[in-house]
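What follows is each chain in one-letter form.
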Amino acid sequence: MSGQLKEVRERISSVNSTQQITKAMKMVSAAKLRKAQQAITKMRPYAERLKKIMTNILSNLEGDATTTFGKSREIQRICIVIITSNRGLAGAFNANLGKKTLEIIAKYPDYQKDGQIEILFVGKKGFDFLKSRSPGCTYNREYQDLFSDLSFDNVSQLADHLMEQFLEGKYDVVHVVYGKFKNAAVQYAESVQYLPVERIKAKKEKGKKYMRADYIFEPDKVHLLETLIPSILQTTFHRYILDTHASEHGARMTAMDKATENAEELMKELKINYNKARQAAITNEISEIVGGAAALEG
């Protein structure tokens, strides 16, 4: 009986230590989340508006030599950028991003067999998830540690790399999988076509006409597009990084909060079991004493 009590005491001590760790991690993630949330909240409206402007501009240009980023061509090689966290203990956050990537890969079965799909990893957990689930794909881990510096200049290096590879024809289409932040408790695994920029198609539906914006270029279209489009694409990619960064901390805070609650429930159950075992031990000792006293009297 004493062995059973010792085992329960050790389990209680272990769960208590784990609970202290999850509480601390929850507090750390909450502190980081506030800063990350402010960054993406400020960036998102600006980035979304710029992307809308870029899409409208490219949708209005026809046959222009400066619209390379908006031109679709025959697909020979595909790049999928998956943005995940460097650390785990974030619930299903990284796994959901990995599954979203597998959905994109499944759309190109022939290209996967020929090794024409390159997966570019930002964050370590994406590689851990996909290395055994995406045979036939090539892996690029050059930018895996991008989260060590989230400045615009540093993140822009990857955006520039993607644009350069697209212009040189090494990538014909670029998809980005990232975590879209809604709030501390809700994050979504999103996938977008980064390159070529998808165009808006004018259409009519039930009497409604959808108009594309018409812009006046000053000083001229060529020089403006040479700097405007790459700059907007850099800002858009920076937004994906900040969105994922905030989503990671939100997911980890939620996961650690749930783990702390589960530890509390387990502690209550263990304490009840401990008290039952202790009561049984005391009852057994009293029975032995009473039995011994009765034997002496007899």
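Refer to the preceding data block for the structure.
Analysis parameters
- Residue positions are counted from 1 within each chain, in the order its sequence is given.
- pLDDT decides what is reported in this predicted model: residues at 70 or higher carry local features, side-chain atom pairs at 80 or more are listed and counted, and totals for whole chains, interfaces and linings draw on all residues regardless.
- Side-chain measures here rest on the full set of heavy atoms in the structure, leaving out hydrogens and waters.
- Only runs of H or I of at least four residues qualify as helices and only runs of E of at least two qualify as strands under DSSP, and these elements are numbered from the N terminus.
- The span expected for a helix works out to 1.5 Å for each residue beyond the first.
- Only protein chains enter the accessibility calculation, which uses a 1.4 Å probe. A residue is then buried if its area is under 20% of the maximum for its type, exposed if over 50%, and partly exposed in between.
- When we speak of the arc, we mean the arc of directions from the helix axis to the C-beta atoms.
- Only the six-membered ring of Trp is used, alongside the rings of Phe and Tyr, when aromatic pairs are assigned; centres must lie within 6.5 Å, and planes under 30 degrees apart are stacked while those over 60 apart are edge-to-face, with the rest tilted.
- Pairing between strands requires that DSSP locate at least two bridges from one strand to the other.

Engineer: I'm lost on helix H2 (residues 93-106) in this one. Help?
Structural biologist: Along its 14 residues, H2 runs 20 Å from first to last C-alpha, staying within 8% of the 20 Å computed at 1.5 Å per residue. Looking only at H2, the buried set comprises Phe 93, Asn 94, Leu 97, Gly 98, Thr 101, Ile 104 and Ile 105. The arc that holds every buried residue of H2, seen down its axis, measures 135 degrees, which confines them to one face.

Engineer: How should the packing of aromatic side chains be read in this particular structure?
Structural biologist: The relative placement of two aromatic rings is captured by the distance of their centres and the angle of their planes. Inspection of every chain in the model, using the stated rule, returns nine aromatic pairs. Plain terms: the ring middles of Phe 121 and Tyr 139 are 5.7 Å apart, the flat faces sit at 55 degrees to each other, and that makes the pair tilted. One end of the pair, Phe 121, is in strand E2 (residues 117-122); the other, Tyr 139, is in strand E3 (residues 138-140), and 18 residues separate them in sequence. The exposure class assigned to Phe 121 is buried, which follows from its relative accessible area of 0%. Given the relative accessible area of 30%, Tyr 139 is considered partly exposed. Ring geometry for Tyr 194 and Phe 237: centres 5.7 Å apart, planes at 65 degrees, overall edge-to-face. Of this pair, Tyr 194 sits in strand E5 (residues 187-195) while Phe 237 sits in helix H6 (residues 221-297), and the two are 43 residues apart along the sequence. Residue classification places Tyr 194 among the buried positions, given a relative accessible area of 3%.

Engineer: Explain unusual backbone geometry to me, please; I cannot follow it from the model alone.
Structural biologist: With glycine set apart, most residues show a phi of negative sign, and most peptide bonds adopt trans. With an omega of -10 degrees, the peptide bond running from Leu 195 to Pro 196 counts as cis. Mapped onto the elements, Pro 196 comes out in the loop between E5 and strand E6 (204-205). Despite not being glycine, Leu 89 has its phi angle at roughly 55 degrees, a positive value. Along the chain, Leu 89 falls in the loop between strand E1 (78-83) and H2.

Engineer: What is the right way to read the pairing of strand E4 (residues 173-181) from this model?
Structural biologist: Within a regular strand, the side chains alternate between the two sheet faces. Of all nine residues making up E4, eight are buried, and the element is well covered by its neighbours. In this structure, E1 lies alongside E4, joined through five bridges in parallel fashion. When the bridges of E4 are listed, Val 81 appears paired with Val 176. Pairing analysis gives eight bridges linking E4 to E5, with the strands arranged antiparallel. The residue of E5 that forms the bridge with Lys 180 is Tyr 188.

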